[in-house]
Amino acid sequence: MIDKIFYALSIATILCACMVVISKHPIRSILFLVATFFLISAHYVLLNAQFLALVNIVVYAGAIMVLFLFVVMFLNLNKEVEPYKGFLPWLAALVGGGSFFLIVISALQKSNLLQNENANHSIGLVENLGNVLYKEYLLPMEISSVLFLIAMAGVVLLSRKEKIVNE
Amino acid sequence: MSWIILKIIFISVIFGLSLFIAMYSTYAERKIAAFLQDRLGPNRAGPFGLLQPLADGVKLFFKEEFIPMKADRWLFLMGPGFFMITALMTSAVIPFGPDIIVDGKPFSLQATDINVGLLYIFGVVSLGVYGILIGGWASNNKFSLLGAIRAASQNISYELAMGLSIIALVMMSSSLSLKDIVDQQAGWHWNVFYQPLGFLIFLVCAFAETNRAPFDLPECETELVGGYHTEFSSMKLGFYLFAEYINMFISSAVLATLFFGGYHFPGISSMEPGILKTALSVGVMFGKIFFFIFFFMWVRWTLPRFRYDQLMNLGWRILIPLAVINILITGAVILYKMGL
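Along every chain, residues carry numbers that run from 1 in the direction the sequence is written. Whichever chain is written first becomes A and whichever ligand is written first becomes 1, with later ones labelled in order. Local features are withheld for residues below a pLDDT of 70 in this predicted model, meaning they are given only at 70 or higher, and side-chain atom pairs are given and counted only at 80 or more; totals for whole chains, interfaces and linings count all residues.

Trainee: What am I meant to see in the overall build of chain B here?
Mentor: From N to C terminus, chain B includes 13 helices and two strands. Across its three principal axes, chain B shows a C-alpha extent of roughly 65 × 50 × 45 Å. With C-beta atoms placed from the backbone, the exposure class of a residue follows from how many other C-beta atoms lie within 10 Å of its own: 20 or more, buried; 12 or fewer, exposed; in between, partly exposed. Out of the 340 residues belonging to chain B, those deemed buried represent 44%. In chain B, once contacts between residues fewer than 6 apart in sequence are set aside, the share between residues at least 24 apart is 79%. A helix here means a DSSP run of H or I that spans at least four residues, while a strand means a run of E at least two residues long, and both kinds are numbered starting from the N terminus. Residues are treated as contacting if the C-beta atoms built from their backbones sit within 7 Å of each other.

Written out as structure tokens, the structure is:
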């Protein structure tokens, strides 16, 4: 049962991710990316990590993608002003993408995908995650949270209107 | 198997109730507006105008369906639907009453008690803006686009303060499950007495997130015609307006759950568990919800609309610092009580 759900989800995720690249319309690309994040969250739920699943939705789908959409809506998306891209960038993209694909396939072939039988299945629950973060990794956790707080204070500071002095 | 059937019945009841309450909220809003402005309000359809929401619904269904020529057809149709879905999703984690005993087994009056319920609410609220953004952009109208962009920036700004005010609450309750948070507030230990500042910040953010006056800038009719729903007609417009009332109902339920003790009332612990206790608890919960819905309307017809720069100033320069201070105070008090 879980296997079937996993395969259905994976196929849907990959299809959505492909549509992000294939879709010619930027807004639709973004909406497909949002759908991809949702499907990845569903994968997290399958792995019994509800906390991670919801944080993924709050941060990526709820905040970052709204900002993306916000910026793209400001762009002037006319067909006429789209610059003509020649043959060379197309070729470069093909070679680059192809070789990356080759590397990934060879890496996957060499690795042994054994199942970890002793895996802790409840590590993704919020209590366990909190215990790990606040007991074993307290210092990095606190330092990164202070960094985020500084970033937020910086936004408030930057948005302050500078008094223009007329000379 | 009977458990699943019960759950399905319960979820359908909550779904129907959300729609019903949203429907009669439109009536209540017009009556309250009339009262505050010394008018009569709707009183033609049925006794006291009680059939007015039905008449409005029928009218919206039979209005002409119009899609602008240059609109993005699919996204234009998706917008209202998405807004409605996100509005209805939140009620899944709200506990509406204490457990009842069915066939000797406890059955909780909550669709699902996930251990990250608070985050779930927060996540769904942050998704609500997509319906407005998609609909506003797809209409291919400058006023709609401006409304949509206002909605996006407003939601992102107020989400931050809302999240920070919730953090202080979570520090006290040390649980993200709404059921736990409600049960900790039994017997006058309402969170509003312990977190008055957090409650105030959350309340202001709830107004901003539901796009209600005095923060209804996305549909500010004096500047933007109709804001994000300028181009919508018929039931698509109806969905947008209706979803706003559902959002209000859910926000009121969340406010009652987080800060006002949910379904708890004084003297609940001394009562025998039974049908009377359950009925009273559910009644008290809905009483609190109705009070907050009334409060939303009361504020709408009392306060004038904010200017856009005032809105952003309030969010970034007042609410966020206040919320951070609230977290610091809460942390200090918790440490003091633990006897540092």
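Trainee: Just checking my understanding: could you explain the overall build of chain A for this structure?
Mentor: Broken down by element type, chain A carries six helices and zero strands. Order of helices (α) and strands (β) in chain A, N terminus to C terminus: α-α-α-α-α-α. The buried share among the 167 residues of chain A stands at 14%. The contacts in chain A between residues at least 6 apart in sequence include a share of 51% that link residues at least 24 apart.

Trainee: It is not clear to me how the interface of chain B and chain A should be interpreted in this structure. Could you clarify?
Mentor: For an interface, size is often stated in terms of accessible area lost upon the parts coming together. The interface is formed by 22 residues belonging to chain B together with 19 residues belonging to chain A. Secondary structure elements with two or more residues in the side of chain B that touches chain A: α4 (117-127), α5 (129-138), α6 (142-173) and α13 (308-338) of chain B. Ranked by the residues each element gives to the side of chain B that touches chain A, the list is headed by α4 of chain B, at six residues. Just so you know the grouping, Ala, Val, Leu, Ile, Met, Phe, Trp, Tyr, Cys and Pro go in nonpolar, Asp, Glu, Lys and Arg go in charged, and all remaining residues, Gly too, go in polar. When its residues are assigned to classes, the side of chain B that touches chain A shows 17 nonpolar, three polar and two charged.

Trainee: Looking at this structure, I do not really get the environment of Y245 of chain B. What am I missing?
Mentor: Residues and elements named next belong to chain B. With respect to the element layout, Y245 can be found in helix α11 (residues 234-259). Taking the C-alpha atoms as reference, Y245 lies 9.1 Å from S18; in sequence the two are 227 residues apart. Once residues lying within four places of it in the same chain are set aside, the contact partners of Y245 are A22, S25 and T26.

Trainee: Would you explain the domain arrangement of chain A in this entry?
Mentor: All names here are of chain A. The domain architecture assigned to chain A consists of domain 1 (1-78) and domain 2 (121-160). Domain 1 and domain 2 are separated by 24 Å when their C-alpha centres are compared. Taken together, the contact between domain 1 and domain 2 spans five residues of the former and six residues of the latter. Grouping the constituent residues of the side of domain 1 that touches domain 2 by class yields four nonpolar, one polar and no charged. A domain assignment, automatic or from a database, supplies the domain bounds used here.

Trainee: For this particular structure, what's the right way to read the confidence of the model for chain B?
Mentor: Low-pLDDT portions of the prediction should not be read for the details of their coordinates. Residue and element names in this part refer to chain B. Of the residues in chain B, 98% reach a pLDDT of 70 or more, and the chain-wide mean stands at 83. pLDDT gives the predictor's per-residue confidence on a scale running from 0 to 100. Ranking the elements of chain B by mean pLDDT puts strand β2 (residues 105-109) last with 73 and helix α9 (residues 196-209) first with 89. Prediction confidence for the complex, expressed as pTM and ipTM, is 0.83 and 0.78 respectively.

Trainee: Can you help me understand the environment of I114 of chain B in this one?
Mentor: Following the sequence through the fold, I114 of chain B ends up in the loop between β2 and α4. When residues no more than four places from it in sequence are discounted, the contact partners of I114 of chain B are Q50 of chain A together with V93 and Y120 of chain B.

Trainee: Teacher, can you tell me more about the packing of helix α1 (residues 2-22) of chain A against helix α2 (residues 26-46) of chain A here?
Mentor: When two helices pack together, their arrangement is given by the angle between the helix axes and by the axis-to-axis distance. Residues and elements named next belong to chain A. Axis angles are defined between N-to-C directions and span 0 to 180 degrees, where every axis is a line fitted to C-alpha atoms and, for a helix, only to the segment in contact. Taken N-terminus to C-terminus, the directions of α1 and α2 make an angle of 160°; their axes are 8 Å apart at the nearest point. Between α1 and α2, the interaxial angle falls into the category roughly antiparallel. Where α1 crosses over α2, the two elements pack in a sense that is left-handed. Between α1 and α2, the residues in contact are I2, I5, F6, L9, A12, T13, C16, A17, M19 and V20 and S29, F32, L33, A35, T36, L39, I40, A42, H43 and L46, respectively. By definition in this entry, angles of less than 35 degrees are roughly parallel, angles greater than 145 are roughly antiparallel, angles of 65 to 115 are roughly perpendicular, and the rest are oblique. By definition, turning the near helix anticlockwise from the far helix through less than a right angle yields a left-handed crossing, and turning it clockwise yields a right-handed one.

Trainee: Would you mind going over the environment of P214 of chain B with me for this structure?
Mentor: Residue and element names in this part refer to chain B. Here P214 shows up in the loop between α9 and α10 (221-224). Judged by C-beta crowding, with 18 C-beta atoms within 10 Å, P214 ranks as partly exposed. Taking the C-alpha atoms as reference, P214 lies 33 Å from K70; in sequence the two are 144 residues apart. In this view, P214 contacts L303, P304, R305 and F306; residues no more than four positions away in its chain are not counted.

Trainee: Got a minute to help me understand unusual backbone geometry in this structure?
Mentor: Residues and elements named next belong to chain B. Positive phi, normally seen in glycine, also occurs at F48, with a value near 55°. Position of F48 among the secondary structure elements: in the loop between α1 (2-36) and α2 (52-62). For F48, a count of 12 C-beta atoms within 10 Å puts it in the exposed group. Phi is positive for S234, close to 55°, though the residue is something other than glycine. With respect to the helices and strands, the residue S234 is situated in helix α11. Its 15 C-beta neighbours within 10 Å are what place S234 among the partly exposed residues.

Trainee: What is the right way to look at the nonpolar core in this model?
Mentor: The tendency in soluble globular proteins is for nonpolar side chains to be buried as a group. If you look at the biggest cluster of nonpolar residues, it comprises 103 residues, and the most contacted ones within it are L133 and F249 of chain B. In this structure, F249 of chain B is in contact with S18, I21, A22, S25, I289 and I293 of chain B, ignoring residues within four places of it in sequence. In plain words, the nonpolar core is the set of buried Ala, Val, Leu, Ile, Met, Phe, Trp, Tyr and Cys residues that C-beta atoms within 7 Å link up.

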